[in-house]
Amino acid sequence: MAPFLEMKDVVKRYGGKLSVDHLNLRVDQGEILGLLGPNGAGKSTSINMICGLLDMDQGSIHVDGISVKERPLEVKKRIGLVPQDLALYEDMTAQDNVAFFAKLYGLRGALLKERVAEALAFVGLQDRAKERPSTFSGGMKRRLNIACSITHHPKLIIMDEPTVGIDPQSRNHILDSVKKLNEMGSTVIYTSHYMEEVSAICDRVAIMDQGHVIAFGTLAELKERVSHEEKIIMTMEGITPALIHELSEHNRVIRVIQSEQQVEVYLPSAQQELQDILYICGKHQAVLQTLQCEEAGLETLFLSLTGRTLRD
Amino acid sequence: MKIAAIAWFELRRMATSRSVLMNQFLLPLLLIFILGNALSGFFGGGQEYVQQMVRVGIIAEGPGREVPASLQSVIDSPEVEKLLVPTYLMDMETAEKQLRSGDLDYAVIIPQDWEQRISSGEETRLELLPGKDRELNLIADTVFKSYTAELNHRMADAAILGMDSMSAWLAAGGETAPGPFVEVGQMSEQGATYSAAQYYSVSMLVMFLLYSGLMASVSLFEEKDSRTLYRLQSAPVPGSSIFIGKLTGASLIAVIQAVVIVLGSMWLFGVEWGDRPLFLVLVCMLVTLGSMALAVVVTLFSRTAAGARGVMQTVIIAMTFVSGGFTPIAAEWVQQINTVTVNFWAMQSLLRIMLHSSGSEILFSMGMLAAVCVGLTAVASITYRKVGYHA
């Protein structure tokens, strides 16, 4: 099957620094692709190039078989971009906002009205259509931000961290919306810092770092790569550098990550080594408060590949 | 169509803003009212000006105490007869006494060496004694200074053509000269002056049309700051269409603003805008063009909205000031700067329309205005091509 989006050997430099480094990415029609990467990995630059907002220095990008370089306006007609930052006119009503952006995609007359109503209903804002976004909660603004991008029924929807800073209810609403849009035939590229969101909705995941894709596959395929790892998560008081050092030196421990009062110890089998780990903690007079053992997931893979956590 | 959609949306956004309604529509009318009333003493009442006669004492100190023929011909000319009432006196003391008592408004002394200076080709000068009334002094000053200026100019010609021709011409009372020494005319065809309300209606119309450029500049920055430009640029619309659409929206506001100021000043303050509405519309369009061009240049070179706003305000206020928009300024250096400002030529055009001046006079001012605006537009186009408008 021909890919809906194909990036081949794409390079983008800012000054002398490589932001996107010979990036190759392929997104099939009808899938939801999760795009993960730490800050500065090149995700936003890649999105801007796909949308024709930024010129690439080298390589090619095709959307629905159309070259972004040669026919950027044709490509833009097929894309609905949901920007990370809210891009709304606070002084105009929700309906005006959606209608204005819809007009830019050529919608007019009865079809325009129908699509505006449909988009607002889709994000659950039909009752607030006549109100201005300045009166909305953060979650409602995020939903309106999505509505402004979908009136023209785009074949490719690119969502750049659409759930940043919102309540769980609105987040669930947005995730359900993404699934629905996908079921309605749109291909979706979804970037997020929340691993659980990516795990919940994405068919495949691409992990980017330093301007190129370092891991790509289905969730199952990627999890398989770290299936040999488990982790013990401990919350305790009295964590010292000596304790962390001794845990790291244990011959079965793969890595140790400390954040404030929490320590994560990665090792092949948590159950077999738990006694040893607790002994070391006791030796350093650390007071254990909670303890949890779990299988390593995407977050672990991300960490092992990039050396950083997703929120770094 | 997409430019129209962007322009219409921009128009609606601005029209729903309270600050725009206050600053662009109500404030100009309020300022016309305040300035028009406060400074009405500087201007005529918009009515036909009735000229007072100036009683002038003339003292000839030369041999035979005769008034030179060329000056006598000026005094006796029909135009000057309507302005001056001459009284021929024997000495300066009498003249001074009558000036003090109010029997004379002005006095002129023809020096003893008058004929001798003319014969030797030297510059001639009359001794002028002004009276108590500033306005009457101004009229007499104008007549006699115009006379000596013209006489000296012709003597300079004679220095090249030969003194014989000059002597013959003077003996004939200057009648063979190519034109009269003093010409009295009217600034406009109907001879009316403008009122303070008219003057400030013109001045405020031009200034606030320029302020619509400031609004456009702020809006262009807001689009960046609110990240909506990013979304606009992701839509299938060329970047230039976004830019033109936004400027068109701001220009439409300027058009509405011009209509409100013109009609508002007519209905509220009885301002008469002349009988050439097409010219009036054209001047407003040219000022709007200049305003938008200025906004483009300032916006694209500024890093922040506050910076752009500051520069725009400074430029608009400075141009309004030097063009006499707040109060007429006679300083020569100001007159020289004036010639490159939008305000000056726009005000000249509008005032001439108001005064029912001839078409050629109005078109000259409009032509100069168009030249300034086209120049600004060219700079704006080059700036846009070089700098661009990006999120």
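If you're wondering where the values come from, they're calculated on a predicted model, not measured in any experiment.

Participant: Even after reading the chapter, I still don't get the domain arrangement of chain A, so can you show me in this structure?
Facilitator: Reports of interface size often rely on the accessible area that becomes lost once the parts have come together. What the domain assignment lists for chain A is domain 1 (3-220) and domain 2 (227-294). The straight-line distance from the C-alpha centre of domain 1 of chain A to that of domain 2 of chain A is 40 Å.

Participant: Looking at this structure, how should I read the interface of chain B and chain A?
Facilitator: Each partner contributes to the interface: chain B provides 21 residues, whereas chain A provides 26 residues. For the pair chain B and chain A, the number of links is three salt bridges. Between A:Asp96 and B:Arg12 there is a salt bridge, with its nearest N and O atoms 3.0 Å apart. For the interface between chain B and chain A, the tally reads 10 residue pairs in polar contact (both at pLDDT 80 or more).

Participant: Would you mind going over the sheet that holds strand β8 (residues 187-191) of chain A with me for this structure?
Facilitator: The strands making up a sheet are joined through hydrogen bonds of the backbone, oriented either antiparallel or parallel. Residue and element names in this part refer to chain A. Pairing is mixed across the open sheet formed by six strands, whose spatial order is β6-β7-β8-β3-β9-β10. The sheet is open, and its two borders are formed by β6 (79-82) and β10 (212-218), each paired with just one other strand. On average, each strand axis in the sheet is inclined to that of its neighbour by 15°, with strand direction left out of account. Where β6 and strand β7 (residues 156-160) come together, four bridges link them in parallel fashion. Bridge assignment links Leu 81 to a residue of β7, and that residue is Ile 158. Set on the sheet, helix α1 (residues 43-50) makes contact with β3 (32-36), β6, β7, β8 and β9 (204-209); between it and β7 the angle comes to about 150°. Here helix α5 (residues 138-150) sits on the sheet and contacts β6 and β7; the angle it forms with β6, its principal contact strand, is near 165°.

Participant: In this structure, what is going on with empty space enclosed by the protein? I would like to understand it.
Facilitator: Across all of its chains, the model carries one cavity of 30 Å³ or more by this definition. Taken as a whole, the largest cavity encloses approximately 30 Å³ of empty space. In terms of lining, the largest cavity is formed by A:Leu81, A:Phe101, A:Tyr105, A:Cys148, A:Ser149 and B:Arg231. Across the lining of the largest cavity, the residue classes break down as four nonpolar, one polar and one charged.

Participant: Would you take a moment to explain the layout of surface pockets for this structure?
Facilitator: Any empty space left between atoms is shown by rolling a water-sized probe over those atoms. Put simply, the second largest pocket is a space of about 550 Å³. Lining the second largest pocket are 23 residues, with A:Gly52, A:Leu53, A:Leu54, A:Asp55 and A:Lys76 sitting closest to its centre. When contributions to the lining of the second largest pocket are tallied by element, the ones reaching two or more residues are α1 and α2 (72-78) of chain A together with α10 (228-234) of chain B. It is α2(A) that contributes the most residues to the lining of the second largest pocket, three residues altogether.

Participant: Quick question: what am I supposed to make of the nonpolar core here?
Facilitator: Among the nonpolar cores identified, the biggest contains 77 residues, and A:Leu144, A:Tyr190 and A:Val205 are the most heavily contacted of them. Sort the elements by how many residues they give to this core and helix α3 (residues 94-104) of chain A lands first, with seven residues. With near-sequence residues (within four places) excluded, A:Val205 lies in contact with A:Leu33, A:Gly34, A:Leu36, A:Val198, A:Ala215, A:Phe216, A:Gly217, A:Leu219, A:Leu222 and A:Leu298. Of all hydrophobic cores here, the second largest spans 52 residues; its members include B:Val283, B:Ala295, B:Met319 and B:Val342.

Participant: What's the story with the confidence of the model for chain B in this structure? I'm lost.
Facilitator: Reading predicted coordinates in detail is not appropriate for stretches of low pLDDT. Overall, the predicted model of chain B reaches an average pLDDT of 84, with 88% of residues at or above 70. This complex was scored by the predictor with a pTM of 0.72 and an ipTM of 0.82.

Participant: Where do I start with the UniProt feature "transmembrane region" (unreviewed entry) in chain B in this structure?
Facilitator: Mapped onto this numbering, the UniProt entry annotates "transmembrane region" (unreviewed entry) at residues 199-221, 242-267, 279-302, 314-331 and 362-384 of chain B. For the annotated span residues 199-221 of chain B, helix accounts for 100% and strand for 0% of the residues, and the straight-line distance between the end C-alpha atoms is 34 Å.

Participant: Before we go on, may I ask you to explain helix α10 (residues 270-283) of chain A in this structure?
Facilitator: One turn of the α-helix equals 3.6 residues, which is why residues spaced by three or four share an orientation. Residues and elements named next belong to chain A. Helix length check: α10 (14 residues) gives 19 Å between terminal C-alpha atoms against 20 Å at 1.5 Å per residue, within 8%. Within α10, the full set of buried residues consists of Ala 270, Glu 273, Ile 277, Ile 280 and Cys 281. Looking at the buried side of α10, the elements it contacts are β11 (230-237), α9 (241-249), β13 (262-267) and β14 (287-295). Positive backbone phi, at 60°, marks Gln 285, one or two positions downstream of α10.

Rules behind the numbers
- Residues numbered from 1 in each chain as written.
- Chains lettered and ligands numbered in written order.
- Predicted model: local features only at pLDDT ≥ 70, side-chain atom pairs only at ≥ 80, totals over all residues.
- Heavy atoms only, no water.
- Domains from an automatic or database assignment.
- Contact = heavy atoms within 4.5 Å.
- Salt bridge = Lys/Arg side-chain N within 4 Å of Asp/Glu carboxyl O.
- Polar contact = N/O pair within 3.5 Å; in protein donor to acceptor, adjacent residues only side chain to side chain.
- Pairing = 2+ DSSP bridges.
- Helix = DSSP H or I, 4+ residues; strand = E, 2+ residues; numbered from the N terminus.
- Axes fitted to C-alpha atoms, helices over the stretch in contact; angles between N-to-C directions.
- 1 Å grid on protein atoms, 1.4 Å probe; cavity = no way out; pocket = protein on both sides within 12 Å on 5 of 7 lines; lining within 4 Å.
- Points joined across faces, edges and corners; volume = space filled by probe spheres on them.
- Nonpolar A, V, L, I, M, F, W, Y, C, P; charged D, E, K, R; others polar.
- Core = buried A, V, L, I, M, F, W, Y, C linked by side-chain atoms within 4.5 Å.
- Buried < 20%, exposed > 50% of the residue type's maximum accessible area, 1.4 Å probe, protein only.
- pLDDT = per-residue confidence, 0-100.
- UniProt positions renumbered as here; feature names shortened; annotations may be inferred.
- Expected span 1.5 Å × (residues − 1).

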